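Listed here are the chains, written in short residue letters.
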Amino acid sequence: MSQEAQFVFNTLSFLIWGGLVMWMAAGFTMLESGSVRTKNASVICLKNVGLYSIAGMAFYLIGYNLMYVDVSGWIGSFKLFYGPSEAEIALLGGDESATEAVLENGYSVMSDWFFQMVFVATAASIVSGTLAERINLWAFFIFTLVLTGFIYPVVGAWTWGLGWLSEVGFHDFAGSTIVHSTGGWAALAGAIVLGARLGKFSKDGTARPTPPSSVPVVTLGVFILWFGWLGFNGGSVLALGSASAATSMSVVLVNTNLAAAGGVIAAIIFVRPILGRFDLVAVLNGAIGGLVAITAAPDMVNHYWAILVGAVGAIVCTAGYRLLWSFRVDDVVGAVPAHLFAGIWGTLAVCITHNDTNLGVQLLGILTVGVFVFSISYVLWKVLDMTIGARVSKGVEQLGQDAAELGIEAYPEFVLMPEPYEDEDE
Amino acid sequence: MSQEAQFVFNTLSFLIWGGLVMWMAAGFTMLESGSVRTKNASVICLKNVGLYSIAGMAFYLIGYNLMYVDVSGWIGSFKLFYGPSEAEIALLGGDESATEAVLENGYSVMSDWFFQMVFVATAASIVSGTLAERINLWAFFIFTLVLTGFIYPVVGAWTWGLGWLSEVGFHDFAGSTIVHSTGGWAALAGAIVLGARLGKFSKDGTARPTPPSSVPVVTLGVFILWFGWLGFNGGSVLALGSASAATSMSVVLVNTNLAAAGGVIAAIIFVRPILGRFDLVAVLNGAIGGLVAITAAPDMVNHYWAILVGAVGAIVCTAGYRLLWSFRVDDVVGAVPAHLFAGIWGTLAVCITHNDTNLGVQLLGILTVGVFVFSISYVLWKVLDMTIGARVSKGVEQLGQDAAELGIEAYPEFVLMPEPYEDEDE
Amino acid sequence: MSQEAQFVFNTLSFLIWGGLVMWMAAGFTMLESGSVRTKNASVICLKNVGLYSIAGMAFYLIGYNLMYVDVSGWIGSFKLFYGPSEAEIALLGGDESATEAVLENGYSVMSDWFFQMVFVATAASIVSGTLAERINLWAFFIFTLVLTGFIYPVVGAWTWGLGWLSEVGFHDFAGSTIVHSTGGWAALAGAIVLGARLGKFSKDGTARPTPPSSVPVVTLGVFILWFGWLGFNGGSVLALGSASAATSMSVVLVNTNLAAAGGVIAAIIFVRPILGRFDLVAVLNGAIGGLVAITAAPDMVNHYWAILVGAVGAIVCTAGYRLLWSFRVDDVVGAVPAHLFAGIWGTLAVCITHNDTNLGVQLLGILTVGVFVFSISYVLWKVLDMTIGARVSKGVEQLGQDAAELGIEAYPEFVLMPEPYEDEDE
């Protein structure tokens, strides 16, 4: 194949699959908007449209440079803005002699930027769900700016930017740790600082269920994520312009899908005896847990391993949800179990499915990323809480953020139930 | 074009268009969830996430082998599991000398698997809609396992697996019969065994309308299906790596879209004089009917034929819906008319648009597939009914499957109308 | 790269990105259906499924020929139907000797048709939203037929068909004026002829807010449009089969995304001080305004310009919304500000970002398109109003079009608020 055809294939792969990952922003929005109570369903929409925009902007201003440009081992360049290479600008200006220099890069510079950018947004989306129904909007947007402009890029510099964790052999194909756990740690820190929603936990510590405003909307969100994940993992092959890359991409898509299916089936089979009934939330989170878990290494050629990795991811996710409750940590959509706990499992499971990996290194990566992201996030949430306030007032929380902060309701014409669980014990 | 570029194009085609067909699972879910009453909208979500997972698993375990590997005329291989070719595994392991053997196959093995797998799931989705609001969840999942692991693969072996129906010249480009009628026959058998929903038919045989829980969600589902169908038919060219294949794919997409548009316009024009008003359900089903009908042969170069095939498909679909009612067959979303009746029409219409086809052979294909799928399905539904029970109890049906089986409601905060048509005559 | 690989790349680009633009039809449907009151949410679904179908049909019957075939400067050919080239038909029939002639065209004929067709539908979708909740369905469908079969193709012939506006150097990359303003002018003419909804404006001229039936559905619509816009602008590179084209496409996708993000952030920042709170509708329309504005020239290599163009587009959009109110023009979803006003801004902004453009020519294009589309549309709306009636009766409007015209409700099982603003002053 000609070098130019390779270039076009590689670039196209970033653009198509990156487009699908962009679409995951809609998936998170639907999942979260359907999961919260109706009184907070509109704010979720604003938060998600906003975070996707802020993430893209921050990554353009500084994030990509910190992550990929002149990475010294710990961090990349602090210069602002990013753009096409000089050769590309010359070629676009009509200078055909620049073609060779353009082709040497293997893909169009901005196609890679686009693909990496949508990944940043994914990490930020995870935080949004956990902290729903009580977080101050400005605090959330400021946190998102730091997460996507600094925290995530630093983690990325260590790994995909070929920094120190990459050098010691840490393996994380498409980001079980780098994307999903990073989002999960940031969310967990926020959940601890913010505390639980009013009335979520009764005095004896039992968690009260909060009804999702719309189950079909949640399900739509999960399907969007599943669909988008084909791009998330498939595009992470980072090439398409050879038989080897195309074959690898096929294997990755199959494993990604089988892991999600394995997660769903595990949730159907294992949760039923425990609860005595089917649990749709466990099944939907099972799909997400399976997808997160396979993300660290979706390239095994024996596909039954993908099923196993996904199935265990789903169980980890459901068990983790209960575990958080026992610590009275209130994660509205279960994003911490799905993205952090299943992400840890997936990053460790690499050692089962891939011989050339090292458990110690995987643990080192999990721990250092965890310590770094959690501690910075915790401090930042604390600072936000002490300054502008990380949490809305009790009055706003009871009334709902939609009416209080946006002046609208998500479903203004529908008659809603009076809320039964206001303010009983907190 | 180099052989390697062809390989990448063909593989990419399977992956992209296969991804779009995966997305159709969300379309069926939305269409069905919006079509049922609110009390059963969550169970639909569980059924569809579950069936997509089970279908993928069954096709990995055994289905693909039965359909495509060593097909003897009637059935393929009974060996378990499927995976990349040895040459591909070698290439992925770094052995460049395997490239030639990999390229010889024309596309990556697992990209084809992925594309075929999402087709199986489509067949299973059809069953879900027809039997909504009354089917036992376990019975449905067990039936799905057999349908996707055995029934559909056998039909596929006869045809796309190059078995006996293929040898006699049966023509079904992307599965009007093989996918859609197969799903439709299985659904019809289930509808007969299960019987109608409580109160669906009054004593004099008139059908009572059951309100859809959300018309916008139904419409979203139809748009998802329309979008996904571009992949369903486009990907069924099974190649992209030549001028001929790319041209063929363009023609297929245009015909697919025009057939759906023809179905919509036919439903707008023809239904209005009959009912005295517009009928949105007829229009939406008209789109589906048009899409199903064109699927048997979307490759004609005179595109007006596609409009005609689609328009008649829509009329067949609406007329069929009434026909089922006259037999007191209760098909909740109209999947049997849309997928089976319009599928039969499309499979016959091939003889109008394609000279090299034979009406007798097309009829033979329709009939043998019908007899095979319907009879096995009927027996299986009967066995399920006599063992675990194919239908939920009267109490569960009245309360709604969401509350009874899942312990949740689809829209728990919204105040709903009391249901007017409980238990009047059955 | 071989000529054949180029051909396949170019064709694939039209098909994939065209598929994404088709998906925008679902985006408009959701945006509009969620924006109107529940009593009109189903009719929106019918209108959008119908308009997409009619647009495709009209473009097949005559539109494409008027726009692209034998364009004399003002208009193309009046012959009916369109189809593959003779060489393509020969190749599809197995005549390999036709390959050379096929390749000479650079892409498959019908892939271009498909891509252009979905653009027509976009223009028609814009009209639907503005005139919601009061327009006669038949009047809307007839107008759509003329818009997509004649008005839009003539504007297209002047520009992309290489007619007179193209010859004087008018620059509109993907249709800020050609698609979005055309739709906007047609919508504005309709809004003036139809007048405002009952009770929208009180006697002193203040506009009463009409609650959206579902905020999450509106948000879903915006995300679908954002996703689809990657195809709208990316595909408008009109080629993929070279390093230059692939690089250009990457740049276009990045700018498209950044402009939308810029629009969102501008709406968050600038609207808050004015209203004293966040305004989700302004934010969502800000994304659309940003996208429309960048569409005229999304190919600058300094991406900060895209942010600026998008941000101003969002502000223009929000300010324009107020402006329309001051003229008592009732645009239900804000489509005129988002598509027309932001489209004008984007078409002018080309002169800031692209040196080889001319402000006078851009103004000439904006004005001539405006005069042509607005005047024909105005006359047509008037004729429709005097014949079949462009607007539904007062009784139908109060009852809601869903119940009155379709005999269904969008959410029949949900208990709704009694409507507070019937018929007070008009």
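Residues numbered from 1 in each chain as written. Chains lettered and ligands numbered in written order. Predicted model: local features only at pLDDT ≥ 70, side-chain atom pairs only at ≥ 80, totals over all residues.

Enquirer: I'd like a description of the overall build of chain A, backed by residues and values.
Expert: Of regular secondary structure, chain A possesses 16 helices and zero strands. Computed over its C-alpha atoms, the radius of gyration of chain A comes to 21 Å, within 12% of the 22 Å expected for a compact globule of 426 residues. Structurally, chain A occupies a C-alpha span of about 70 × 45 × 40 Å along its principal axes. Residue pairs at least 24 apart in sequence account for 79% of intrachain contacts in chain A once pairs closer than 6 positions are excluded. (Helix = DSSP H or I, 4+ residues; strand = E, 2+ residues; numbered from the N terminus. Rg over C-alpha atoms; globule rule 2.2 N^0.38 Å. Contact = placed C-beta atoms within 7 Å.)

Enquirer: Go over the interface of chain B and chain A, please, and point to the residues and values.
Expert: Many authors give the size of an interface as the accessible area that is lost as the parts come together. Counting residues at the interface gives 55 residues for chain B, matched by 50 residues for chain A. Looking at the side of chain B that touches chain A, the elements that each hand over two or more residues are α1 (3-35), α2 (41-68), α3 (86-92), α4 (99-104), α5 (109-130) and α16 (401-406) of chain B. By residue class, the composition of the side of chain B that touches chain A is 37 nonpolar, 14 polar and four charged. (Nonpolar A, V, L, I, M, F, W, Y, C, P; charged D, E, K, R; others polar.)

Enquirer: Run through the interface of chain B and chain C, naming residues and quoting values.
Expert: Contact with chain B, which involves 50 residues of that partner, is made by 55 residues of chain C. Only α1, α9 (215-234), α10 (243-275) and α11 (280-294) of chain B provide two or more residues apiece to the side of chain B that touches chain C. Element by element, the count of residues in the side of chain B that touches chain C is highest for α10 of chain B, at 16 residues. Split by residue class, the side of chain B that touches chain C holds 34 nonpolar, 14 polar and two charged.

Enquirer: Lay out the environment of G221 of chain C with the relevant residues and their values.
Expert: Residue and element names in this part refer to chain C. Along the chain, the position of G221 falls in helix α9 (residues 215-234). Measuring from C-alpha to C-alpha, the distance between G221 and S42 comes to 15 Å, with 179 residues separating the pair along the chain. In this structure, G221 is in contact with G27, F28, M30, L31 and G34, ignoring residues within four places of it in sequence.

Enquirer: Any details on helix α11 (residues 280-294) of chain C? Residues and values, ideally.
Expert: Here α11 of chain C is 15 residues long and its end C-alpha atoms lie 21 Å apart, about the 21 Å a rise of 1.5 Å per residue gives. Among the 15 residues of α11 of chain C, 15 are classified as buried, and the element is accordingly described as predominantly covered. (Expected span 1.5 Å × (residues − 1). Buried ≥ 20, exposed ≤ 12 C-beta atoms within 10 Å, placed from the backbone.)

Enquirer: Which residues make up the relation of the copies chain B and chain C, and what are the values?
Expert: Between chain B and chain C, the superposition needs a rotation of 120 degrees and an axial shift of 0.0 Å, giving an RMSD of 0.0 Å. Look at the turn and shift together and you get a three-fold axis relating the two. Taking C-alpha positions as reference, the residue of chain B nearest the rotation axis is V415 of chain B, located at 3.3 Å. A different interface surface on each copy is seen, since only 8% of the contact residues of chain B are contact residues in chain C too. (Least-squares fit on C-alpha atoms with pLDDT ≥ 70 in both.)

Enquirer: Residues and numbers for helix α10 (residues 243-275) of chain A, please.
Expert: Residue and element names in this part refer to chain A. For α10, spanning 33 residues, the distance from its first C-alpha to its last is 48 Å, which sits close to the expected 48 Å at 1.5 Å a residue. In terms of burial, α10 is a largely internal element, 27 of the 33 residues being buried. With its phi angle positive at about 80 degrees, G276 sits one or two positions after the end of α10.

Enquirer: Quick one: what's the story with the packing of helix α5 (residues 109-130) of chain A against helix α10 (residues 243-275) of chain C, residue by residue and with numbers?
Expert: Put simply, α5 of chain A and α10 of chain C touch, their axes get as near as 7 Å, and they point 35 degrees apart. The chirality of how α5 of chain A crosses α10 of chain C is left-handed. Residues M110, S111, W113 and F114 of chain A of α5 of chain A form the contact with α10 of chain C, whose own contacting residues are S250, V251, L253 and V254 of chain C. The class makeup of the residues in the contact of α5 of chain A with α10 of chain C is six nonpolar, two polar and no charged. (Axes fitted to C-alpha atoms, helices over the stretch in contact; angles between N-to-C directions. Left-handed = near helix turned anticlockwise from the far one by under 90°.)

Enquirer: Explain unusual backbone geometry residue by residue, including any values.
Expert: Residues and elements named next belong to chain A. You will see that D70, though not glycine, has its phi angle at about 50 degrees, which is positive. Inspection of the secondary structure puts D70 in the loop between α2 (41-68) and α3 (86-92). On the basis of neighbour counts, which here come to 13 C-beta atoms within 10 Å, the residue D70 falls in the partly exposed class. Of note in this structure, R328 is not a glycine but carries a positive phi near 55 degrees. Here R328 is to be found in the loop between α12 (304-326) and α13 (335-353).

Enquirer: I'd like a rundown of the packing of α5 of chain A against helix α6 (residues 137-158) of chain A, residues and numbers included.
Expert: All names here are of chain A. Orientation of α5 relative to α6, taken along the N-to-C sense of each, is 135 degrees, at an axis distance of 10 Å. Looking at the two axes, α5 sits oblique to α6. When the axes of α5 and α6 are compared, the crossing they make is right-handed. For the pair α5 and α6, contact is made by V120, A123, A124 and V127 and by T144, L147, T148 and Y152, respectively. Of the residues contributing to the contact of α5 with α6, the split by class is six nonpolar, two polar and no charged. (Parallel < 35°, antiparallel > 145°, perpendicular 65-115°, else oblique.)

Enquirer: Tell me about the confidence of the model for chain A, and please be specific about residues and values.
Expert: Put simply, chain A has an average pLDDT of 95, and 98% of its residues get 70 or more. At the level of chain-chain contacts, confidence expressed as ipTM amounts to 0.97, with global pTM at 0.98. (pLDDT = per-residue confidence, 0-100.)

Enquirer: Provide a residue-level description of the environment of L284 of chain A, including the pertinent values.
Expert: Position of L284 of chain A among the secondary structure elements: in helix α11 (residues 280-294). L284 of chain A sits in the buried class, given 29 other C-beta atoms within 10 Å. Taking the C-alpha atoms as reference points, L284 of chain A and L31 of chain A, 253 residues apart in sequence, are found 9.8 Å from one another. In this structure, L284 of chain A is in contact with V218, T219 and V222 of chain A together with V49 of chain B, ignoring residues within four places of it in sequence.

Enquirer: Go over the environment of F414 of chain B with me, naming the residues and quoting the values.
Expert: Turning to its location among the elements, F414 of chain B is positioned in the segment after α16. For F414 of chain B, a count of 22 C-beta atoms within 10 Å translates into the label buried. When the C-alpha positions of F414 of chain B and S108 of chain B are compared, they lie 49 Å apart, and in sequence the two are 306 residues distant. Not counting residues within four places of it along the chain, the set of residues in contact with F414 of chain B comprises F414 and L416 of chain A together with F414 of chain C.

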